[in-house]
Amino acid sequence: MFFAQAGNFMLLMSGIIPIYVLSGYSAGVIASLNFGQKTAEAPNQLTVQFSSVLGIKFNELYAKRDFNSLNNIFLTSAKFLMFICIPFSVLMFLYDIEIISLLFHRGAFDVQSVNLSASVLQVFGFMLPLYGINTVVARLFMASQKMKVAFYNQLILNILTIALIFFGIKYFGIIGYPLSLISVFLIAIFSYYFWLRILYPYIRYIEIFVSLIKLILLNGCIGLFIYYVKPFLSEISILNIITGTCIYFVVLILINYVFSINDEVVKYTNILLKKLLLRNNRG
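In short, a report on the structure. (Residues numbered from 1 in each chain as written. Predicted model: local features only at pLDDT ≥ 70, side-chain atom pairs only at ≥ 80, totals over all residues. Heavy atoms only, no water.)

Here we take up the overall build of the protein chain. Scanning the protein chain from terminus to terminus reveals 12 helices and zero strands. Starting at the N terminus and ending at the C terminus, the protein chain contains elements arranged as α-α-α-α-α-α-α-α-α-α-α-α. With 283 residues in all, the protein chain has 42% of them scored as buried. The contacts in the protein chain between residues at least 6 apart in sequence include a share of 77% that link residues at least 24 apart. Carbon together with sulfur atoms contributes 69% to the accessible area of the protein chain, which is approximately 15600 Å² in total. (Helix = DSSP H or I, 4+ residues; strand = E, 2+ residues; numbered from the N terminus. Buried < 20%, exposed > 50% of the residue type's maximum accessible area, 1.4 Å probe, protein only. Contact = heavy atoms within 4.5 Å. Areas by Shrake-Rupley, 256 points an atom, 1.4 Å probe, with all protein chains shown as cover.)

Structural data, given as C-alpha cells:
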C-alpha cells in the first residue's frame, strides 16, 4: 500500500509541477493547450475500458502460473491496441484544424487559438499507441504485484518528465509540453524491454517493437494517401472527416486482411464477413 500511494503521489507531483511551469502563459494559451490535450485523449477511453477487463484476465492467468497464455494475451492485447490507436493518431494529425474548428471555433476561441490547439492535438495524438502499451505493461505489474518495481519505474519517469517539461517549454515554448511527455513515454516503452526481460522472461516483448514498426509504416502510407485525397472529398469539414476516416479504415482492414499484419483483426474480419454472407443468403 505504501509503494502504491507513493507512486500516486509522484504521479500527482508530475501533474502539478507542469501546471506551475505553464502558469506563466496567458489564459488563452493554457485553454488552447487543454482543449488540444483533452481532444487527443478522448480515444483513450477505449484503452481504459479494455485494460480494465485485461487486468482481470492477467490476475487469473498469473495466479494459475499459466505463463504461456499470459504471454499470448499480453502480445495480442498490446498489438490490438496499437492497431486501433495508431490510425486515430494519424487521423488527428491529418484533420487537426478541422477537428478543433468543429469542436471549439466559436466565441473568444479565435483562429490563433484553433491553430495552437491543433498543433497540440497533432503532437498529443501520437501518444495514443504509446499509452496503450504502457497501460498493458502496468496491468501486468499489478497482476504480479510488482509494486516496488512499478514505483521505482514511475519515480524515475516522473522525475524525467518534470525535467524535460522545464527544458522543453523553455526552448520550444508551449509545444514543448506535449513533446516532453511523448519523449518520456518513448523512454518508458523502451525501458520496459529490460524490466520484462528480468521479471517476465516468458513475455516476448520484442514482438511489440516489430509490430509497432510494421503498423507505423502501414499507417504512414495510408495517411499519405488520405492527405492527397482529402482535398477532393468534400468542402464541408465534417463530411470530409467522416469520408476520409471511412476510406482510411476500409483500406487498413483490406491491407491487413491480405497481408495478415494483425492476425486477431483478420480473425474478427472473417467472423464479420461470414455473418454478412449468412444474412445475405437468408435474404
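To continue, consider the packing of aromatic side chains. Where two aromatic rings form a pair, the distance of their centres and the angle of their planes describe that pair. The full count for this structure, using the stated rule, is 19 aromatic pairs. Measuring from centroid to centroid gives 5.9 Å for F124 and Y177, while their planes differ by 70°, and the two rings are edge-to-face. Here Y177 lies in helix α9 (residues 176-199) and F124 lies in helix α6 (residues 111-125), a separation of 53 residues in the sequence. The class for F124 is buried, based on a relative accessible area of 4%. Members of the aromatic cluster, joined through ring pairs, are F58, F74, F190, Y193, F194, Y205 and F209. The positively charged end of K230 is found above the aromatic ring belonging to Y95, 4.8 Å away from the centroid. Geometry around Y268 places K267 over its ring, the cationic atom sitting 5.2 Å from the centre. (Phe/Tyr/Trp six-rings, centres within 6.5 Å; stacked < 30°, edge-to-face > 60°. Lys NZ or Arg CZ within 6 Å of the ring centre and 35° of its normal.)

Here we take up the nonpolar core. Membership of the largest hydrophobic core comes to 69 residues, with the highest contact counts inside it found for F74, L196 and Y205. Take this core: its biggest share by element is 14 residues, from helix α4 (residues 67-94). Each residue touching Y205, except ones within four places of it in the same chain, is listed here: F74, I133, V137, I189, Y192, Y193 and L196. (Core = buried A, V, L, I, M, F, W, Y, C linked by side-chain atoms within 4.5 Å.)

Together, L102, L103, I236, I238, L239 and I242 line one region of the surface with nonpolar side chains, adding up to about 510 Å² of accessible area. Taken together, the elements giving at least two residues each to the nonpolar patch come down to α5 (96-104) and α11 (237-259). Sorting elements by how many residues they give to the nonpolar patch places α11 first, with three residues. (Patch = residues over 30% accessible without salt bridge, like charges linked within 9 Å, V, L, I, M, F, W, Y side chains within 5 Å. Salt bridge = Lys/Arg side-chain N within 4 Å of Asp/Glu carboxyl O.)

The subject of this paragraph is the pattern of salt bridges. With the rule as written, the count across this model stands at six salt bridges. Two residues, K230 and E98, come together in a salt bridge whose shortest N-O distance is 3.4 Å. Of this pair, K230 sits in the loop between α10 (206-229) and α11 while E98 sits in helix α5, placing them 132 residues apart in sequence. Each member of the pair, K230 together with E98, is buried. The residue E207 makes a salt bridge to R204 at a minimum N-O spacing of 2.7 Å. R204 gets classed as partly exposed once you look at its relative accessible area, which sits at 39%. Linked through salt bridges whose partners overlap, the residues forming this network are K57, E60 and K64.

Take the packing of helix α3 (residues 44-63) against helix α7 (residues 128-143) next. Following both chains from N to C, one finds α3 and α7 inclined at 25°, their axes separated by 9 Å at the closest point. Between α3 and α7, the crossing angle belongs to the class labelled roughly parallel. Judged by the sense of rotation from one axis to the other, the crossing of α3 with α7 is right-handed. Across from N44, T47, V48, S51, S52, L54, G55, F58, N59 and Y62 in α3, the residues of α7 making contact are L128, Y131, G132, T135, V136, R139, L140, M142 and A143. For the contact of α3 with α7, the class distribution of residues is 10 nonpolar, eight polar and one charged. (Axes fitted to C-alpha atoms, helices over the stretch in contact; angles between N-to-C directions. Parallel < 35°, antiparallel > 145°, perpendicular 65-115°, else oblique. Left-handed = near helix turned anticlockwise from the far one by under 90°. Nonpolar A, V, L, I, M, F, W, Y, C, P; charged D, E, K, R; others polar.)

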